[in-house]
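What the coordinates show
Chain by chain, the residues run as shown.
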2 protein chains.
Amino acid sequence: MNATYAVILAGGSGTRFWPASRVARPKQLLALGGGATKSLIATTLERLQPVVPFENVYVATGQHLIDATRAELPSLPAHAFLAEPKPRNTAPCIGWASHVIARRDPNALVLVLPSDQHVSHAAGFVDAVKTALASAETGVITTIGIQPTRAETGYGYIEVGEQLSERVARIARFVEKPDSERAEAYLSSGKFLWNSGMFFYRAATMKAAIARHLPELSAGLNAIDTAAARGPEAEAEALNRLFPTFEKVSIDVGVLEREAALNVVSAEFGWSDLGSFASVWEHSQTDPRGNAAPAGTILVDSDGNLVFDARSAERKNAVAVLGVREHCLVLTDDATLLMPLERAQDVRSVVDALVAQGRSDLT
Amino acid sequence: MNATYAVILAGGSGTRFWPASRVARPKQLLALGGGATKSLIATTLERLQPVVPFENVYVATGQHLIDATRAELPSLPAHAFLAEPKPRNTAPCIGWASHVIARRDPNALVLVLPSDQHVSHAAGFVDAVKTALASAETGVITTIGIQPTRAETGYGYIEVGEQLSERVARIARFVEKPDSERAEAYLSSGKFLWNSGMFFYRAATMKAAIARHLPELSAGLNAIDTAAARGPEAEAEALNRLFPTFEKVSIDVGVLEREAALNVVSAEFGWSDLGSFASVWEHSQTDPRGNAAPAGTILVDSDGNLVFDARSAERKNAVAVLGVREHCLVLTDDATLLMPLERAQDVRSVVDALVAQGRSDLT
């Protein structure tokens, strides 16, 4: 197999986990889920260790997050961190990273994955990644699709087409987040998988695909390559000049959905995109009454609650919950949020209210 | 009218308002209700101003609360503070205060009242107090009874007997906190009033009543009087020696219920004993959706909540409440409590849990 490289996507706006997440501290920098003490991005890197050497890992993030992100990943070298000069959605970012990797190793096999997902079974993850890399090596961009366990309306779906082997199939089509009726139909059909947002390709395959589907982006990335040949200063100049001009488009819309053939590896490894505090509660260790709360929390006659305490040690205090059902209490040094867990999808409305009140310092 | 004196009862265990209240910071030292910025005891003193000169006010409290209580009442002179050497319930405490006042002014008219009540209409309060003092001046211990507005099970009741004038009647009997069926019957009968815990008497009347019903207490108090005649050191010695030996008994059980004749003044002045956070919510200013919360609280799609923030300025942070119905969030520097308002009567169970977990530092 060719040498394997990883691109960890670490942007993010930080609204769904307010007040724990912020513009300057998005979800992947938080220790979410199951009594975790490490950030999601640090756990994501750990999970890759069996398949990608750390010197082959890249992390794409925004300028304003570079320092915080490096602090979470001290085992990565400086060259690993790719700072987008301006956010342009995923196609320019992944295209740029792919060109950077192809310059270093034209035969590179690349794995792109989000920085903020939850995986219960790391071994199953590694197994699926290996299968997907083998598929990608044949020259076909390959994704991982998750066997759905419920009629989830918060995920995109992948319709499975022709089966190529026991675990690899062609993709018939991508489907946006469905309404609940469609989600039920997808689940019962057995033909749909959740789109995990992970995909795999040969660097040369992606370069060619971008050249076909997004020729302007391709030309810009080639110009950055040309500048890079003249040295790091020229490269930085070209990047800062050209990157902000790239069209904002996602890799799904700009490239993947336009490809004639894509593969999907079907997998099951306790995956979640941890889309909200409700999802964090679901993947947390709970007491027998379903409460996920730090040790020492006083829980009296309470069921199914999440207490998420992200305060610094000197700010932490005793937390008591009496007679409460399925609520979420989030505590940080500078803010406190209370809501029923079923409203966890609506945290953005609090952030909107803060902005409307001129409290952008808290967003 | 004879000169009027007041005894403000300021003991209290501090469990019903945990974590805002503590053993060392009981309810009367808190700013509870209606966006109040002053403590209940400071407001109680203010309310007395039209009827009792401050130099005639006494405050009975425990040794451990003296400093905190004096800090809340800077306009009172040092002699105002009566520190019980040991808590012995209300009869020894009121007996002692009455003897102290009688030594100073044998013709004193005395008003005894709790330190931690809420009154919406201060003028109505003053009017009722004047009526009760006039009744007490005739030599009959007199109470204020509140016209009930609901079938409250959290208060004691007074059955009204023979009407003496438009607002003054004999008391037929005292009734303990009833169950809800009885409370309904009391309310619909029109013959019952809530026991406000305030009462009025001539100092000489109370001394004689104690001598009749609690002769041992009377003998002890007389011995302290004799010592006081020898000077403050002898008085302190006698107090510290004798007071802890007094039988623990309430003024209601030990004296009032044994009196042949008692009067009650019926009144209505927006009274509440603020028995729990639910009662605080009820007497607070709320927004149009019924939320009582500090200015600046972010309230989105939420109704009927109480946010009680007793943190120090440097510990306060932004509080957001999203989609929550009728809950209570209490924030102090060292603890956080969440509960539905309907569970506010059960806060003691949290304090019990803390004690069971060895966290008496938080009680």
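Residues numbered from 1 in each chain as written. Chains lettered and ligands numbered in written order. Predicted model: local features only at pLDDT ≥ 70, side-chain atom pairs only at ≥ 80, totals over all residues. Heavy atoms only, no water.

Across its full length, chain A carries 11 helices and 16 strands. Along the first, second and third principal axes, the C-alpha atoms of chain A reach 65 × 50 × 40 Å. Every one of the 363 residues in chain A was classed for burial, and the buried ones make up 56%. For chain A, the proportion of contacts with a sequence separation of at least 24, taken over those separated by at least 6, is 66%. In the form shown here, chain A has an accessible surface area of approximately 15000 Å², with 49% of it arising from carbon and sulfur atoms. Charged side chains of chain A number 34 positive and 41 negative; the gap between the two group centres comes to 3 Å. (Helix = DSSP H or I, 4+ residues; strand = E, 2+ residues; numbered from the N terminus. Buried < 20%, exposed > 50% of the residue type's maximum accessible area, 1.4 Å probe, protein only. Contact = heavy atoms within 4.5 Å. Areas by Shrake-Rupley, 256 points an atom, 1.4 Å probe, with all protein chains shown as cover. Lys, Arg positive; Asp, Glu negative; His and termini not counted. Charge placed at Lys NZ, Arg CZ, Asp CG, Glu CD.)

The interface is formed by 37 residues belonging to chain A together with 37 residues belonging to chain B. Carbon and sulfur atoms make up 62% of the surface buried where chain A meets chain B, a total of about 2800 Å² over both sides. If you sort the residues of chain A by the area they bury against chain B, Leu322(A), Thr336(A) and Leu338(A) come out on top, with a joint share of 24%. Taken together, the connections running from chain A to chain B amount to 2 salt bridges. In this structure, the salt-bridge partner of Asp301(B) is Arg343(A), at a minimum N-O distance of 2.7 Å. At the junction of chain A and chain B, the tally comes to 20 residue pairs in polar contact (both at pLDDT 80 or more). Residue assignment for the side of chain A that touches chain B shows that the elements contributing at least two residues are strand 12 (298–300), strand 14 (318–322), strand 15 (327–331), strand 16 (335–340) and helix 11 (347–356) of chain A. Considered class by class, the residues forming the side of chain A that touches chain B number 21 nonpolar, 8 polar and 8 charged. With 4 bridges connecting them, strand 14 of chain A and strand 16 (residues 335–340) of chain B associate as parallel partners. Each bridged residue has a counterpart across the sheet, and for Ala320(A) the counterpart in strand 16 of chain B is Leu337(B). (Buried area = accessible area lost by both parts, 1.4 Å probe. Salt bridge = Lys/Arg side-chain N within 4 Å of Asp/Glu carboxyl O. Polar contact = N/O pair within 3.5 Å; in protein donor to acceptor, adjacent residues only side chain to side chain. Nonpolar A, V, L, I, M, F, W, Y, C, P; charged D, E, K, R; others polar. Pairing = 2+ DSSP bridges.)

The subject of this paragraph is the packing of aromatic side chains. Residues and elements named next belong to chain A. Following the criterion strictly, the structure yields 22 aromatic pairs over all chains and no others. Here a set of aromatic residues connected by ring pairs shows up, and it is made of Phe17, Phe277 and Phe308. Its end group placed over the ring of Phe125, Arg47 keeps NZ or CZ at 5.8 Å from the ring centre. (Phe/Tyr/Trp six-rings, centres within 6.5 Å; stacked < 30°, edge-to-face > 60°. Lys NZ or Arg CZ within 6 Å of the ring centre and 35° of its normal.)

Let us look at the packing of helix 6 (residues 203–213) of chain A against helix 7 (residues 215–228) of chain A. All names here are of chain A. Between helix 6 and helix 7, whose axes approach to 5 Å, the crossing angle comes to 130°. By the angle between their axes, helix 6 is oblique relative to helix 7. The residues of helix 7 that touch helix 6, namely those facing Lys207, Ile210, Ala211, Arg212 and His213, are Pro215, Leu217, Ser218 and Asp225. A class-by-class count of the residues in the contact of helix 6 with helix 7 yields 4 nonpolar, 2 polar and 3 charged. (Axes fitted to C-alpha atoms, helices over the stretch in contact; angles between N-to-C directions. Parallel < 35°, antiparallel > 145°, perpendicular 65-115°, else oblique.)

Our focus in this paragraph is the pattern of salt bridges. Inspection of the entire model under this criterion finds 40 salt bridges over all chains. Between Asp361(A) and Arg359(A) there is a salt bridge, and its shortest N-O distance comes to 3.1 Å. A relative accessible area of 53% means that Asp361(A) is categorised as exposed. As a salt-bridge pair, Arg311(B) and Asp309(B) come within 2.9 Å of each other at their nearest N and O atoms. Both residues of the pair, Arg311(B) and Asp309(B), count as buried. Within the structure, one salt-bridge network assembled from shared partners comprises Arg289(A), Asp301(A), Asp303(A), Arg325(A), Arg343(B) and Asp346(B).

Overlay of chain A on chain B (RMSD 0.1 Å): rotation 180°, translation along the axis 0.0 Å. Read as a symmetry element, the transformation amounts to a two-fold axis. Judged by C-alpha distance, Arg315(A) is the residue of chain A that lies nearest the rotation axis, at 4.1 Å. (Least-squares fit on C-alpha atoms with pLDDT ≥ 70 in both.)

Let's shift gears to the sheet that holds strand 16 of chain A. The strand order across the open sheet built from 5 strands is 13(A)-15(A)-16(A)-14(B)-12(B), with neighbouring strands paired in mixed fashion. For this open sheet the edge positions go to strand 13 (306–309) of chain A together with strand 12 (298–300) of chain B, each flanked by a neighbour on one side alone. The mean inter-strand angle of the sheet, taken between neighbouring strand axes irrespective of direction, is 10°. Examined bridge by bridge, strand 15 of chain A and strand 16 of chain A share 5 bridges and lie antiparallel to one another. Bridge assignment links Cys328(A) to a residue of strand 16 of chain A, and that residue is Met339(A). Sheet contacts for helix 11 of chain A: strand 16 of chain A together with strand 12 and strand 14 (318–322) of chain B; angle to strand 12 of chain B, the most-contacted strand, approximately 135°.

Okay, the side chain of Asp273(A) next. Residues and elements named next belong to chain A. Mapped onto the elements of the fold, Asp273 is located in the loop between strand 11 (271–272) and helix 10 (277–282). A polar atom in the side chain of Asp273 sits 3.0 Å from the backbone nitrogen of Gly275. Sequence-distant contacts of Asp273, defined by excluding residues within four places in its chain, comprise Arg16, Lys27, Asp116, Gln117 and Tyr155.

For a regular strand, side chains alternate in direction, first toward one face of the sheet and then toward the other. All names here are of chain B. Of all 11 residues in strand 9 (residues 192–202), 9 are buried; the element is thus mostly enclosed. Inspection of the sheet shows strand 4 (residues 109–114) paired to strand 9 by 4 bridges, in the antiparallel sense. Across the sheet, Val110 pairs through a bridge with Tyr201, a residue of strand 9. Pairing between strand 6 (residues 142–146) and strand 9: 4 bridges, direction antiparallel. Within strand 9, the position partnered with Thr142 by the bridge is Phe200. Looking at chain direction, strand 7 (residues 157–163) and strand 9 are connected through 3 bridges and run antiparallel. Bridging across to strand 9, Ile158 finds its partner in Leu193.

All right, on to unusual backbone geometry then. Residue and element names in this part refer to chain A. The step from Trp18 to Pro19 runs through a cis peptide bond, and the omega angle for that step is 5°. The residue Pro19 is located in the loop between strand 1 (4–10) and helix 1 (40–48) in this model. Backbone geometry places Asp301, a non-glycine residue, at a positive phi of 55°. Mapped onto the elements, Asp301 comes out in the loop between strand 12 and strand 13.

Residue and element names in this part refer to chain A. Turning to helix 11, its buried residues are Val347, Val350, Val351, Ala353 and Leu354. Buried residues of helix 11 fall within an arc of 160° about the axis and therefore sit on the same side. A positive phi of about 75° marks Gly358, the residue just after helix 11. (Arc of directions from axis to C-beta.)

Turning to the environment of Asp352(A), a few remarks are in order. Residue and element names in this part refer to chain A. Examined against the element boundaries, Asp352 turns out to sit in helix 11. Asp352 sits in the partly exposed class, given a relative accessible area of 43%. As for Asp352 and Asp333, which are separated by 19 residues in sequence, their C-alpha atoms are 20 Å apart.

Take the sheet that holds strand 13 (residues 306–309) of chain B next. One open sheet holds the 5 strands; their spatial order is 12(A)-14(A)-16(B)-15(B)-13(B), and the pairing between them is mixed. Sheet topology places strand 12 of chain A together with strand 13 of chain B at the edges, where each strand pairs with a single neighbour. Averaged over all pairs of adjacent strands, the angle between strand axes in this sheet comes to 10°, irrespective of strand direction. Set on the sheet, helix 11 (residues 347–356) of chain B makes contact with strand 12 and strand 14 of chain A together with strand 16 of chain B; between it and strand 12 of chain A the angle comes to about 135°.

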